[in-house]
Amino acid sequence: MTVTIVGSQLGDEGKGALVDLWGGGADVVARYQGGDNAGHTVVEDGDEYKLSLVPSGAVRDKIGVLGNGCVINLKTLFSEIDDLRERGLTPDVRVARRAHVIMPYHRVLDGIEEDAKSDSDLEAGTTGRGIGPTYEDKVGRRGVRVGDLLDPSVLRDRLEYVVPQKRALAENIFGVDTSEAFDVESLFSEYRQLGKRLTEEDMTVNAGEFLNEHLNHDSTILFEGAQGTSIDIDHGIYPYVTSSNPTAGGAATGTGISPTVIGQGEVVGIIKAYLSRVGTGPLPTELTGTDEALADHIREKGGEFGTVTGRPRRIGWLDIPMLRHATRSNGFTGLVINHIDVLAGLDEVCVGHSYDLNGEEQFTIPATTERWAECEPNLRSFDPWDSVAWSDVATEGYEAIPANAQQYLEYLTNELDTPIYAIGVGPDRAETIELVNPFDIDA
């Protein structure tokens, strides 16, 4: 049995809370793409855990796997593990030997390239953590993989091949003085030690073999994606995208579990009841101009600041064409709607039901971002709902949700032709109204 959790929008939908909630029904939680640019916050009994690499299931004493589709900053990984241990937890985290390693030169080049793009319309708004350059080296067949750190001769060969290229790029193209981040001996010494720690703590695995072995012994696996569908490198608003595949297909390529296994399980799309994003690019339903005060209100109430960067997120009404695209691309079997509490007390709640593009109504997101930028949203208005004691609502269940909010939820499930599995009314695990547990469906 597998359950795959996918972001339906631009990231920051609240996936971590659901992975944490349903992770209790899983034996293994596997993350299949992204790096330490993907912050997720888990709250349990008032205790807050901010994680950027360790799979959310670690808070529930589950085996966590970082699949081959991930890019790993080992310093971040070990820092998070050490922090969780200091807080009394015993995280069991395994790392795919095929996963690629974020090296110091990747982080330097990430910042340099974003600065170079800052005067154009191509700036992606990256976190500067070296994610994109690491994926570039992966595709260019010059990357350093986790398995390479375990063999000194292989590690040295990899570094002697790639580091001179990176140094020449930094110095000759961007005119930047290089440092230890571009020195073979320094990098070899540092990453050989990190490799030794991986070995000493028995952390590395052949991810596909490891996960399939668990499935063969009737284990349940929850697959955790980072970011969201609309910033998928292939299916998103290119070039304002991440460098990997957050969509459900990435769960197969990023772990070594076959698409037929993923497809036979549950694929759950996580939706925030409004829209937010960090970074540049078009956003048709964005609240700007005379609506900026409303955007500020939602941003503050919803805590819309990046987990990793602290940057304020842009705010917009829910974009239904974006969700239709996500539902089709991922094959959602169920939905989770988060943050309906944040919209409580407004004078009016709206969604972008469709787009107007050159006088024609469009019901899904265009294939090119340039066309998306030309779209004007056709808004649909809903009667607002009052703010209530949401913790009580979470305890009492769906019928305690204000009637107008229920109408909003019914509109979403009807438009996307997909049932709602849960509704989030607060950040804590206990503040989620569970209608269906996906791990119970085949029971």
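In this report, we go over the structure that sits alongside the text. In this text the structure is predicted, and so the values were computed from the model without any measurement.

## Some remarks on the overall build of the protein chain
Link 1 in the chain: Counting its regular elements, the protein chain contains 14 helices and 20 strands.
Link 2 in the chain: Dimensions of the protein chain along its principal axes, counting C-alpha atoms only, are 65 × 50 × 40 Å.
Link 3 in the chain: Across the 443 residues that make up the protein chain, the buried fraction comes to 57%.
Link 4 in the chain: Taking contacts inside the protein chain between residues at least 6 apart in sequence as the whole, the part at least 24 apart equals 75%.

## Quick notes on the environment of Pro282
Link 1 in the chain: Along the chain, Pro282 falls in the loop between β12 (275-277) and α10 (292-302).
Link 2 in the chain: Of the residues examined, Pro282 reaches a relative accessible area of 17% and is grouped as buried.
Link 3 in the chain: Separated by 45 residues in the primary sequence, Pro282 and Ile237 place their C-alpha atoms 8.6 Å from one another.
Link 4 in the chain: Setting aside residues up to four positions removed in sequence, Pro282 forms contacts with Tyr240, Arg314, Thr369, Trp372 and Ala373.

## Some words on the sheet that holds strand β1 (residues 2-7)
By way of backbone hydrogen bonds, the strands of a sheet pair with one another, either parallel or antiparallel.
Link 1 in the chain: What the ten strands build is an open sheet, ordered β9-β7-β5-β2-β10-β1-β11-β15-β19-β20; its pairing is mixed. At either end of the open sheet lies a strand with only one pairing partner, and these are β9 (204-205) and β20 (432-434).
Link 2 in the chain: As judged from the five bridges shared by β1 and strand β11 (residues 266-272), these two strands associate in the parallel manner. Along β11, the bridge assignment pairs Ile5 with Val268.

Procedures and definitions
Residues numbered from 1 in each chain as written. Predicted model: local features only at pLDDT ≥ 70, side-chain atom pairs only at ≥ 80, totals over all residues. Heavy atoms only, no water. Helix = DSSP H or I, 4+ residues; strand = E, 2+ residues; numbered from the N terminus. Buried < 20%, exposed > 50% of the residue type's maximum accessible area, 1.4 Å probe, protein only. Contact = heavy atoms within 4.5 Å. Pairing = 2+ DSSP bridges.

Read these as spatial facts, not as claims about activity.
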